[in-house]
Amino acid sequence: MHDLRLLYTLRMSKPAPQRHSDLAPTNPFSLEPPHRWWRAWWGSLSPSRQDRLATWAPLVAVALFLLAIAASFWYLRAEEQAREQDALVRAVDYAQQQMRLRLLERQEQVLRLARDLAVAAPAPEGHTPDWFTSRAEVLIDQYPEVQAIGWIDAQGIVLSSQSAPSLSAAQQRQRGQALPSGPTASALEQVRLHGLSLYVQPPATPGQAAPMLQLLVPMLTPAGEFQGALLVEFSVDNLLRYATPAEVLSRYTVTMLDAQGQVLSSPVVAHAKPRFTLPWAAFQRFSSYATPVAPVGDGLIMSAVSYRTSPGVVGNGLFWLVGSLSVLTAWLLLGTWRHTRKRLRTQEALVAETNFRRAMENSVLTGMRALDLQGRITYVNTAFCQMTGWSEQELVGQMPPYPYWPEGEHEALALKLKEELSGKTMPGGFQVRVQRKNGSRFDARMYVSPLIDAHGEHTGWMSSMTDITEPNRIREQLAASHERFTVVMEALDASVSVAPLGSAELLFANKLYRHWFGAHTDGHLQLLQQAGIVKVHSATPSGMSTPMGSSARNKNAEIYLPEHDRWLEVRSRYLTWVDGRLAQMVIATDITARHLAEEQAAQQAERAQNASRLITMGEMASSVAHELNQPLTAISNYCSGMLSRLDNGTLTESQMRFALEKTAHQAQRAGQIIQHIRSFVKRSEPNRAPAQVDDMVAEAMELANIELRRRNVRLSHHIAARLPPVMADSILIEQVLVNLMKNAAEAIDMGGRPEGQRSVELLVRPKHLDGRAGVEFAIQDTGPGLPPEVLNRLFEAFFSTKSEGMGMGLNLCRSIVESHSGRLQAQNLYNGTDVVGCCFSFWIPLASTDPNSLPTDALHHTEPITNKDTA
């Protein structure tokens with residue numbers, strides 16, 4: 001009814017969409033533009049493609065927005081770099097112009113000095129005019145870039161030299177010293193030839209002081225005769241310091257280079273690199289520009305580097321503001337996109353739910369009708385219209401009496417409607433008669449529940465109507481059939497009773513049962529108890545009891561009732577009663593006459609069974625006696641030997657000790673055999689504790705060897721080294737191993753295998769199963785294997801392939817293994833397509849939960865134990 005109310009609420013709240021275009025959810029990021037041709041193109045797309053475009057449009061917009069922001073920053077950065085480069089070029093050109101003017105000014109001063117020297121009266125040999133020395137010292141003192149002024153004659157001999165005090169002795173030129181061969185001597189030759197001033201910048205040598213800039217000014221007489229030259233040496237560092245404008249030095253890192261790019265002067269002002277830069281600052285850290293100094297030429301180059309400190313964090317508030325706003329905008333767009341997708345999914349789920357509800361409404365055979373609080377019909381479904389024959393238009397809006405009310409029953413139906421509107425309806429519904437539009441009538445059952453809107457207010461009543469005409473007809477037929485069945489059961493000459501499991505209620509008893517036991521369950525339980533069919537059952541998760549053990553099968557038993565002096569054949573079976581409960585039926589037939597006739601035959605059969613049991617006991621006794629014969633014979637031999645030596649007087653103390661130790665060992669061996677059989681037969685209380693695998697295998701093999709030797713079957717075993725203990729009951733695991741090895745020997749014996757193919761192999765090895773560490777025991781035989789139909793039913797209770805087997809051995813083994821949280825399975829062994837044996841294996845977990853406790857070394861092999869019957 002809850003689903004019906006929800007369906008009605010969905011239908012009444014919003015008309016169901018009919019076309020995909022009506023179902024398509026709205027999208028705030030709609031891509032449909034107002035242009036006609038765009039609308040035509042949009043309409044040509046399939047609805048699924050429209051949904052995909054509408055879904056991915058916000059992501060594309062976010063990507064384009066971020067791309068535009070990145071492009072804007074890249075353009076602004078490129079423009080800033082261009083402006084910085086232009087400013088650097090202008091500043092370097094300006095500084096070079098200033099340096100050129102300063103050099104030309106010094107050159108003009110030195111040129112006047114050289115002209116005065118050329119026209120002055122010649123001084124005595126070895127004597128320098130005082131005015132030359134004074135004027136040279138003035139130039140050196142006034143201009144820091146001038147470090148030395150020397151007078152060189154036409155042969156390259158230094159006549160006089162004045163130096164600044166800061167000039168080292170190695171750099172000073174001494175009087176009478178000849179110019180060494182090199183750039184200076186070559187430049188002097190050029191000055192001699194052309195009679196023009198010449199700048200020379202010697203190349204820098206690594207590891208030595210930077211060479212000074214040299215200016216050679218010719219000394220020419222008025223007649224043009226070359227008399228020598230003045231050699232002026234400039235400090236490049238001082239020239240850079242005093243000739244370069246201070247604003248250029250403060251903004252850029254300016255250095256002087258020679259023609260080979262060697263640094264001649266270090267920067268005057270060192271500019272630190274920005275500590276905090278933008279992410280791309282590592283790729284574009286500085287701008288540089290170099291230009292030759294005009295008077296000197298390519299021998300002296302001014303180079304400037306501009307580190308961009310503007311991309312730092314402090315100076316880029318606008319960038320971070322715009323970046324933050326961009327990230328916030330992108331985040332908002334992504335959030336809107338996610339909200340849109342969620343809204344689209346919600347609308348699609350609503351559409352799917354509406355379609356599902358409509359399909360369910362059209363497929364159900366139950367008629368549904370909704371009434372408001374005044375009794376007006378507000379809704380009917382298709383099934384209701386088909387049941388009554390009236391259309392939805394003819395029913396919706398009708399007030400009582402309704403068109404489908406039969407004539408003559410209006411008052412009774414109006415009273416029921418009044419109870420329905422007042423909320424006094426029965427939970428199980430009520431039965432009414434309904435008249436179709438064609439006048440025919442049918443029986444219906446109506447269920448009523450309140451109709452609650454989305455605000456929790458009671459707005460009406462929802463009714464569901466089911467046609468029960470056919471169920472009523474079937475019920476009448478069942479009543480007639482039950483009457484016939486009762487007549488037949490009452491006429492039976494057997495007692496029939498049915499009682500549910502776990503209850504003292506008697507569900508059914510025929511006439512003969514009531515005659516013998518009355519109308520109580522005591523007789524039913526007495527028959528079951530005397531027949532040995534005990535009602536053992538367990539509860540399933542659904543609450544239904546299920547038979548367990550031997551009571552799960554149909555059983556026949558013959559019992560004697562002294563109070564009635566009758567022999568009865570009791571048959572029992574389980575059945576499901578009409579109300580769904582699991583019940584047990586007991587049929588007791590009087591077989592007193594037949595039982596008297598069978599007593600004599602039973603006595604003969606009993607004698608035959610006694611003889612068979614004696615033979616079986618003899619076989620078991622011979623196996624045990626054969627096993628005990630060896631240690632007893634050894635004891636007898638040792639005792640006889642000691643008596644003989646004692647009579648001869650040759651028995652020494654050491655020989656007696658040896659013989660007694662051997663005798664005690666054989667007696668202990670015989671006692672152990674008896675103790676093993678006794679411990680195995682006499683079962684103690686369950687005791688699950690950490691057990692050593694080697695000990696359990698040894699005990700089981702000791703017991704199984706008795707039977708295997710009797711059947712001439714060879715037993716070998718392979719046990720992994722250093723196996724950790726397992727959490728198990730040793731006696732139960734030994735019982736499983738003995739049972740499986742005994743079954744393997746019986747299969748080999750029944751298969752008639754020849755002498756060389758009669759072997760059973762026990763494998764014990766570590767194994768991980770479902771992430772848990774454990775030990776696997778596998779028993780492989782060389783028998784004929786198992787057919788597929790036997791493998792499918794191998795572990796079922798009471799299923800056996802042996803003529804005298806009870807079918808409980810393997811079922812009990814599986815129960816023991818599963819009680820240890822293990823698994824037991826069987827499979828055939830193949831050599832190609834031929835079956836060469838069978839393998840039973842089971843796995844039990846370790847006592848330790850550490851998965852690394854299993855050994856990693858290979859299996860160690862022990863010599864096979866060959867068992868042959870020596871009788």
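See above for the structure.
Chemist: Mind showing me how you'd approach the environment of Arg436 here?
Modeler: Topologically, Arg436 is positioned in the loop between strand S12 (430-435) and strand S13 (441-452). Spatially, the C-alpha atoms of Arg436 and Cys385 are 9.6 Å apart, while their sequence positions differ by 51 residues. Beyond its immediate sequence surroundings of up to four residues, Arg436 is in contact with Met387, Thr388, Trp390, Arg441, Phe442 and Asp467.

Chemist: Could you clarify how one ought to interpret helix H6 (residues 183-194) in this entry?
Modeler: For H6, which comprises 12 residues, the first-to-last C-alpha distance of 16 Å matches the rise-based estimate of 16 Å (1.5 Å per residue) to within 8%. Residues of H6 that are buried: Thr184, Ala187, Leu188 and Val191. In an axial view of H6, the angular spread of the buried residues amounts to 105°, which keeps them on one side of the axis. Seen from the buried face of H6, the exposed residues on the opposite side, beyond 90 degrees, are Leu193 and His194. On its buried face, H6 is in contact with strand S1 (146-153), strand S3 (198-200), strand S4 (213-220) and strand S5 (226-234). Two residues or fewer after H6 comes Gly195, characterised by a positive phi angle close to 70°.

Chemist: Looking at this model, I keep getting lost on the pattern of salt bridges. Mind explaining?
Modeler: It is possible for side chains bearing opposite charge to pair when their charged atoms get close. Scanning all chains against the criterion turns up 28 salt bridges. Lys437 serves as the salt-bridge partner of Glu394, at 3.1 Å between the closest nitrogen and oxygen. Separated by 43 residues along the polypeptide, Glu394 in helix H11 (residues 392-395) and Lys437 in the loop between S12 and S13 bring together distant segments of the chain. Of the residues examined, Glu394 reaches a relative accessible area of 30% and is grouped as partly exposed. Of the residues examined, Lys437 reaches a relative accessible area of 44% and is grouped as partly exposed.

Chemist: Looking at this structure, I do not really get the pairing of strand S27 (residues 823-831). What am I missing?
Modeler: Along a regular strand, successive side chains alternate from one face of the sheet to the other. As paired strands, S27 and strand S28 (residues 834-845) are joined by 9 bridges and run antiparallel to one another. Paired with Asn828 across the bridge in S28 is Cys838. As consecutive antiparallel partners, S27 and S28 are separated by 2 residues, and within that stretch Gly832 has a phi angle of approximately 75°, a positive value.

Chemist: Before we go on, may I ask you to explain the nonpolar core in this structure?
Modeler: Across soluble globular proteins, nonpolar side chains show a tendency to be buried alongside one another. Core analysis: the biggest nonpolar cluster contains 48 residues, and Leu737, Val764, Phe777 and Phe842 have the highest contact counts within it. Sorting elements by how many residues they give to this core places helix H19 (residues 730-751) first, with 10 residues. Other than its neighbours up to four places away in sequence, Phe777 contacts Val693, Met696, Val697, Leu737, Leu763, Val764, Phe840, Ser841, Phe842 and Ile844. Ala91, Ala164, Val236 and Ala304 belong to the second largest nonpolar core, which has 44 residues in total.

Chemist: Would you take a moment to explain the packing of aromatic side chains for this structure?
Modeler: The geometry of an aromatic ring pair comes down to the distance between the two centres and the angle between the two planes. Overall, the coordinates contain 9 aromatic pairs when judged by the stated rule. Considering the side-chain rings of Phe132 and Trp151, the 5.7 Å spacing of their centres and the 55° angle between planes classify their relative orientation as tilted. Here the residue Phe132 occupies a position in helix H5 (residues 130-142), and Trp151 occupies one in strand S1, the gap between them amounting to 19 residues. Taken individually, Phe132 and Trp151 each receive the classification buried, so the pair is uniform in this respect. Relative to Trp567, the ring of Tyr560 has its centre 5.1 Å away and its plane inclined at 45°; by these criteria the two rings are tilted. One aromatic cluster is present, built from ring pairs that chain together Phe384, Tyr402, Tyr404 and Trp405. It is Arg106 that lies over the ring of Tyr143; its NZ or CZ is 3.4 Å from the centre.

Thresholds applied
Residues numbered from 1 in each chain as written. Predicted model: local features only at pLDDT ≥ 70, side-chain atom pairs only at ≥ 80, totals over all residues. Heavy atoms only, no water. Helix = DSSP H or I, 4+ residues; strand = E, 2+ residues; numbered from the N terminus. Contact = heavy atoms within 4.5 Å. Expected span 1.5 Å × (residues − 1). Buried < 20%, exposed > 50% of the residue type's maximum accessible area, 1.4 Å probe, protein only. Arc of directions from axis to C-beta. Salt bridge = Lys/Arg side-chain N within 4 Å of Asp/Glu carboxyl O. Pairing = 2+ DSSP bridges. Core = buried A, V, L, I, M, F, W, Y, C linked by side-chain atoms within 4.5 Å. Phe/Tyr/Trp six-rings, centres within 6.5 Å; stacked < 30°, edge-to-face > 60°. Lys NZ or Arg CZ within 6 Å of the ring centre and 35° of its normal.

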